[in-house]
Amino acid sequence: MSSQLVEQVRHAGVVGAGGAGFPTHAKIGAKADVVLANGAECEPLLHTDQVILERHPREVLEGLRLVVQATGASHGILVTKKVYAHTVAVLQQHLPAFPEIRLELLDNFYPAGDEQVLLYEATGRITPEGGIPIQVGAVVSNVGTLANVAAAAQGEPVVRRYVTMVGEVARPGVYEVPVGTQFRDLLAFAGGTSLPEFAILAGGPMMGSLAADEDEPVTKTSGGFFVLRKDHPLIASRQVKAETDIKRSMSACCQCRMCTDLCPRNNLGHRIEPHLWMRAVKYGQDLAAEQITQAHLCCLCGVCEVYSCPQGLSPRRVAAELKSRMWKAKIANPFRNRPDAVNPERGYRKVAKHRLLHRLGLVPYDVEMPFRGTFDDVDRVVLKLKQHVGAPASALVAVGDNVTVGQRIADMRDGALGAPIHASISGRVAKVDDRAIVIRRV
Ligand code: SF4
Ligand code: SF4
């Protein structure tokens, strides 16, 4: 059963839908004693997971049951937020058919959906520094991933994706579209924008990245797109370079420690103290110094950047830069402690969603975000060959080939970590390069 499901999931191209993109077959092949379904939606304005839970409760629960069985776990926990009252009511109707699964409801704080935070909240288990949940016997999977696992067991590959469209759009909400749908088509489905010029954050306001242009395609890991005016402070902050933070820290960092005190990973008991690397970089400390190598423990959640720092500095951006420099210098993470307790003040240091949105100036965008429908009618999809952790997939088709929806069009070579890609619409292959396969409807 276990190896059969692993193979079905691999063939279907299932990867972590919560944003990480880790190939799911590699995750569910492990032995665990508990499996968690992550439906706590990390990003504060996205409602993708909520809609998946409301529209596909049985599929999510069935996917969770299958992974519980495959990993040999004793039980599963479906974790979502108390504030999703309707979602919880829907789930409770289905739970009696899944006696090995219980529901766990979290407060509405950021980053509730971070897998290490979620694991601690639901089970009291603390992931080791620089580690992953399986080291404490747990597998954590996004609810969209689990719905895809249930579909994979029925032979259905991943060809569609739920995406939240939020911000300056006429009809904010959650849309179901073929993987590879380009942002410009999504924007049309969402009624367009009244802004003559705008910026696009692929992902949410906290961890999303600036999209280059309207050609940006939906991938298996896309949770949403956030449309904002180009001069919004959130967009401006995304354009600041780490070098600027490092220079500014020399005069502006007052070592108040707020970045450290509110850091979600520090509060889980990990030895991460961003105020120390902010001090160390300004004095040109060696890359191998302990205060710098701590940056390996940063999950880039952004609490320090958008919420904690009174001086507008970004320990997150500096951490990303330090990680990149350490990677080039082959300096590995030396921190491997297994904390047995979290910070006793952790409970008071969680960042409530409403306070975060006020701080970001995003309250006007916190509106009803209903499911708006399935929009299959796109003329063109751009299927990236790397939508997952690992190597890019290799194309199995050439320009001019006719393909049908669900057909495998790219796969991994020689057992490399990754996942195959399937055609998300029927049509003709219009372009193949080392980055993507383009299919046009004919
Ligand atoms: S919160 Fe800002 S000013 Fe305070 S220690 Fe951290 S980087 Fe420095
Ligand atoms: S981004 Fe900032 S708050 Fe988040 S883990 Fe890294 S240092 Fe901590």
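Model, not experiment: these values are computed from the prediction. (Residues numbered from 1 in each chain as written. Chains lettered and ligands numbered in written order. Predicted model: local features only at pLDDT ≥ 70, side-chain atom pairs only at ≥ 80, totals over all residues. Heavy atoms only, no water.)

**Observations concerning unusual backbone geometry**
Here the residue pair Y110 and P111 is connected by a cis peptide bond, since its omega of 0 degrees sits within 30 degrees of zero. A positive phi angle, close to 75 degrees, is found at R257, a residue other than glycine. Mapping R257 onto the fold places it in the loop between helix 10 (242–252) and helix 11 (258–261). The phi dihedral of D414 is positive, around 50 degrees, even though this residue is not glycine. Positionally, D414 belongs in the loop between strand 16 (408–411) and strand 17 (421–422). The class of D414 is exposed, set by a relative accessible area of 82%. (Helix = DSSP H or I, 4+ residues; strand = E, 2+ residues; numbered from the N terminus. Buried < 20%, exposed > 50% of the residue type's maximum accessible area, 1.4 Å probe, protein only.)

**Details of the pattern of salt bridges**
Summed over the entire model, instances satisfying the criterion amount to 26 salt bridges. One salt bridge connects R65 with E62, and the closest N-O pair in it is separated by 3.1 Å. With R65 and E62 both in helix 4 (residues 57–71) and 3 residues apart, this pair spans about one turn of that helix. Linked by salt bridges that have partners in common, E7, R10, R408 and D411 make up one network. (Salt bridge = Lys/Arg side-chain N within 4 Å of Asp/Glu carboxyl O.)

**Some words on the sheet that holds strand 9 (residues 209–210)**
Through backbone hydrogen bonds, the strands of a sheet pair up, either in parallel or in antiparallel fashion. One open sheet holds the 6 strands; their spatial order is 9-8-10-6-7-12, and the pairing between them is mixed. Whereas interior strands pair on both sides, the edge strands pair on one side only; in this sheet they are strand 9 and strand 12 (371–374). As paired strands, strand 8 (residues 199–202) and strand 9 are joined by 2 bridges and run antiparallel to one another. Following the sheet pairing, L201 is matched in strand 9 by L210. Contacts from helix 3 (residues 48–55) reach strand 6 (160–167), strand 7 (173–178) and strand 12, with the element oriented near 135 degrees to strand 6. (Pairing = 2+ DSSP bridges. Contact = heavy atoms within 4.5 Å. Axes fitted to C-alpha atoms, helices over the stretch in contact; angles between N-to-C directions.)

**A look at the site of ligand 2**
The environment of ligand 2 is formed by 13 residues, the closest being C263, C298, C301, G302 and C304. Those elements that provide at least two residues to the shell around ligand 2 are helix 12 (274–282) and helix 14 (303–308). Among the residues forming the shell around ligand 2, the class breakdown is 11 nonpolar, 1 polar and 1 charged. (Near = heavy atom within 4 Å. Nonpolar A, V, L, I, M, F, W, Y, C, P; charged D, E, K, R; others polar.)

**Examining the site of ligand 1**
Near ligand 1, the surroundings consist of 14 residues, among which C253, C256, R257, C259 and C309 are the closest. Those elements that provide at least two residues to the shell around ligand 1 are helix 11 and helix 12.

**Examining the pairing of strand 6**
For strand 6, the buried fraction is high: 7 of the 8 residues fall into the buried class. Bridge count between strand 6 and strand 7: 6 bridges; the pairing is antiparallel. The residue of strand 7 that forms the bridge with M165 is G173. Where strand 6 folds back on strand 7, the antiparallel hairpin that results is connected by 5 residues.

**Some remarks on the packing of helix 10 against helix 12**
Angle between the axes and distance between the axes: these two values describe a pair of packed helices. Where helix 10 meets helix 12, the closest approach of the two axes is 9 Å, and the angle between their N-to-C directions is 95 degrees. Judged by the angle between their axes, helix 10 and helix 12 are roughly perpendicular. Of the residues in helix 12, those touching helix 10 at I246, S249 and M250 are M278, V281 and K282. In terms of residue class, the contact of helix 10 with helix 12 is made up of 4 nonpolar, 1 polar and 1 charged. (Parallel < 35°, antiparallel > 145°, perpendicular 65-115°, else oblique.)

**Notes on the nonpolar core**
As a rule of thumb, nonpolar side chains are buried together in soluble globular proteins. Residues L64 and L78 are the most contacted members of the largest nonpolar core, which totals 36 residues. Contributing elements (two or more residues each) for this core: helix 1 (2–12), strand 1 (34–39), helix 3, helix 4, helix 5 (85–94), strand 3 (101–106) and helix 7 (143–153). In terms of residue count, helix 4 provides more of this core than any other element does, 7 residues in total. In terms of nonpolar packing, the next biggest core, distinct from the first, is built from 33 residues, V179, L385, I421 and A423 among them. (Core = buried A, V, L, I, M, F, W, Y, C linked by side-chain atoms within 4.5 Å.)

**Here we look at the domain arrangement of the protein**
In many analyses, interface size is given as the accessible surface area lost on bringing the parts together. According to the domain assignment, the protein contains domain 1 (2–153), domain 2 (159–228 + 353–377), domain 3 (240–343) and domain 4 (379–442). In this complex, domain 1 contributes 19 residues to the contact, which on the side of domain 2 involves 25 residues. Taking both partners together, domain 1 and domain 2 bury about 1,900 Å²; carbon and sulfur atoms supply 65% of that area. Here domain 1 is connected to domain 2 by 0 salt bridges. On the surface where domain 1 and domain 2 come into contact, there are 11 residue pairs in polar contact (both at pLDDT 80 or more). Counting only elements with at least two residues in the side of domain 1 that touches domain 2, the list comes to helix 3 and strand 4 (109–110). Counting residues per element, the side of domain 1 that touches domain 2 draws most heavily on helix 3, at 4 residues. Here the residues of the side of domain 1 that touches domain 2 sort into 9 nonpolar, 8 polar and 2 charged. (Domains from an automatic or database assignment. Buried area = accessible area lost by both parts, 1.4 Å probe. Polar contact = N/O pair within 3.5 Å; in protein donor to acceptor, adjacent residues only side chain to side chain.)

**Let's talk about a nonpolar patch on the surface**
Together, F22, V389 and L417 give the surface a local cluster of nonpolar side chains, amounting to about 200 Å² of exposed area. Residue placement: F22 occurs in the loop between helix 1 and helix 2 (24–28). Accessibility expressed as a relative area gives 32% for F22, which makes it partly exposed. (Patch = residues over 30% accessible without salt bridge, like charges linked within 9 Å, V, L, I, M, F, W, Y side chains within 5 Å. Areas by Shrake-Rupley, 256 points an atom, 1.4 Å probe, with all protein chains shown as cover.)

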